[in-house]
Amino acid sequence: MLLPLLSLSLLMCVFSTGVIASDKQSAQAAIKKATTLLQQSKNLGFEWNTVTPLILQAQDAIKANDFDNATQFAVKASQQAKLSIQQAENEEKNWHFNLPK
Amino acid sequence: MQRLLNTFLSLSLIVVAIPAVATPEQNKESFQKFYMDRFSHIEKDDFANGVYALDQDARDQWEAMSDFPPFEDDLDEGEALFNTPFANGKQYADCFENKGQGVRQNYPQFDSKSGQVITLELAINNCRTQHGEKALPYKKGDLAKVSAYMASTSKGERFDIKIPNDKRAQQAYEAGKKYYYSKRGQLNFSCANCHVQNVGRKARSETLSASLGHPTHFPVYRMKWESFGTLQRRFDSCNKQVRAQPLEGQAKDYRNLEYFLTYMSNGLPVNGPASRK
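Residues numbered from 1 in each chain as written. Chains lettered and ligands numbered in written order. Predicted model: local features only at pLDDT ≥ 70, side-chain atom pairs only at ≥ 80, totals over all residues. Heavy atoms only, no water.

**Q** In this structure, what is going on with the overall build of chain A? I would like to understand it.
**A** Summing up its helical and strand segments, chain A has three helices and zero strands in all. Each helix (α) and strand (β) of chain A, taken in turn from the N terminus, gives the series α-α-α. When each of the 101 residues of chain A is scored for burial, the buried share is 32%. As presented, chain A carries roughly 6600 Å² of accessible surface, and 64% of it is formed by carbon and sulfur atoms. (Helix = DSSP H or I, 4+ residues; strand = E, 2+ residues; numbered from the N terminus. Buried < 20%, exposed > 50% of the residue type's maximum accessible area, 1.4 Å probe, protein only. Areas by Shrake-Rupley, 256 points an atom, 1.4 Å probe, with all protein chains shown as cover.)

**Q** When you look at the packing of aromatic side chains in this model, what are you seeing that I'm missing?
**A** One pair of aromatic rings is described through two measures. These are the centre distance and the angle between the planes. Residues and elements named next belong to chain B. Applying the stated rule across the entire model yields 20 aromatic pairs over all chains. Each ring, one from Phe-31 and one from Tyr-180, has its centre 6.1 Å from the other, and the planes form 70 degrees; the classification is edge-to-face. Residue Phe-31 is located in helix α2 (residues 24-38), and its partner Tyr-180 is located in helix α7 (residues 167-181); the two are separated by 149 residues in the primary sequence. When sorted by exposure, Phe-31 lands in the same class as Tyr-180, which is buried. A ring pair is formed by Tyr-180 and Tyr-181, whose centres lie 5.0 Å apart and whose planes are at 80 degrees; its orientation type is edge-to-face. Just as Tyr-180 is buried, Tyr-181 falls in that class too. Here a set of aromatic residues connected by ring pairs shows up, and it is made of Phe-31, Phe-34, Tyr-35, Phe-39, Phe-47, Tyr-173, Tyr-180, Tyr-181, Phe-260 and Tyr-263. The side chain of Arg-184 reaches across the aromatic face of Tyr-179, ending 3.6 Å from its centre. Over the ring of Trp-225 we find Arg-233, and its NZ or CZ is 4.1 Å from the ring centre. (Phe/Tyr/Trp six-rings, centres within 6.5 Å; stacked < 30°, edge-to-face > 60°. Lys NZ or Arg CZ within 6 Å of the ring centre and 35° of its normal.)

**Q** Is there a simple way to think about the domain arrangement of chain B in this case?
**A** Accessible area lost when the parts come together is the quantity often used to give the size of an interface. Residue and element names in this part refer to chain B. The domain boundaries assigned to chain B delineate domain 1 (2-69 + 165-276) and domain 2 (72-152). For the pair domain 1 and domain 2, the summed buried area comes to about 2300 Å², and 61% of that belongs to carbon and sulfur atoms. If you sort the residues of domain 1 by the area they bury against domain 2, Phe-228, Gln-250 and Arg-255 come out on top, with a joint share of 25%. Here Asp-236 makes a salt bridge to Lys-139, at a shortest N to O gap of 2.7 Å. Of all elements in the fold, only α7, β6 (227-229), α9 (231-241) and α10 (252-264) reach the threshold of two or more residues within the side of domain 1 that touches domain 2. For the side of domain 1 that touches domain 2, the element with the highest residue contribution is α10, accounting for six residues. Considered class by class, the residues forming the side of domain 1 that touches domain 2 number 14 nonpolar, nine polar and seven charged. (Domains from an automatic or database assignment. Buried area = accessible area lost by both parts, 1.4 Å probe. Salt bridge = Lys/Arg side-chain N within 4 Å of Asp/Glu carboxyl O. Nonpolar A, V, L, I, M, F, W, Y, C, P; charged D, E, K, R; others polar.)

Right, dumping it as C-alpha cells:
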C-alpha cells in the first residue's frame, strides 16, 4: 500500500520539478534562439531596433522567475528577427527594382 | 506572334540589363534629372537647402532665424579646436591638402591604399591618431564641430566626389547604392521610398526633402539635438523612424552610403553648416 503511494508521490515530484526546470530551460533556449537569429540579421545588415528590447524583456522576466512571459518575449523576438532576415533576402533580390526608371 | 515575343524578350532583356550597365555618372544624371523634372520651378543649386527648397512656410521661419544662427558658438569652438596644436606640435592643417581649407567638397574619398571610403570625419580622426591623439567619438561633439568649421571654409565650392577606376571603389559605390534603395526596419521603407518616391509630400508634420542636396550642408545643427550632428547621425534618425537599428559611426555600410549619396549631389555647392528643426 505504502509503496505505490510513495512511488506515485515520487513520480509527481519528479514530474513537477521537471516542469519547472524545463520551463526555465525552455525560456533560456528561446532566448538563445532569438539571440542567434538577431546576430544573423545583424550580419546581413538588416537588424530591426525592436528585437533587442524584446530579448532584454525576456531576460528580465527570467530574473523574475516569470518563465511564461520570458518565453513569450523571446518567441516574439525570434519571429521579428526571422522577418528581418526574410527582408534581407527579399531586398538582395529586389532592391534594384526601386531604382528610378 | 514570334515578332511580338521577340520584342518582348529583347525589351525584358533591356529592363534587366539597366541596373548592371548604368555607370555612376549615368546614375547621377538620372537621379538629378528626376528631381529637376519633378520640381521644374526650383533652381538646381537650391536643392542644397533641403526641405526649405520645397516648403515655403518652413523656409520663411528658417530664414527669420538665419541672422543669428544657433550654431555660432559651436562653430567658433570648431575653429579653435582646428587651430589647437596636438601634443606633438602638429595640427589638423598638417594632415590635409591646402591646410584643410576648402576641402569639404572632396569628401568622401576613396583611398586606394586601404581600399576604403574615407569620410571627412574619418580623415579628421585618422589625423588625430596619426599624431598620437585619441580618436574622438563620431556623430557629435568636438569632431562634428571641427568638421563644421572645415565645411564653413569650403562654402560655395562644388562637390566633386570621384570614383576612381578601381574595382573596390566601384564596389563601395554600388554597396552604398544598394543600401539606399533597400527597404529596411520593421516598417519596411527604403531611403528612396521617402526621399525619392514621396519627396515633397508630408510624413506626419514634416515635408520630405529631396536626396539631391542631402549631404551639402552637413554637419547640421538640429534644434532637436541642440548641437551639431554629422550626416551619419542623421542616418541614425531616419533608420530609427523605420525601426531599423542604426549602425556604429563610420561603419562600412554608412561610409558607402555617404559615398553614394554625396556622389549623387556632385556639382552642388557646399553650404554647411546649416540649421534644421
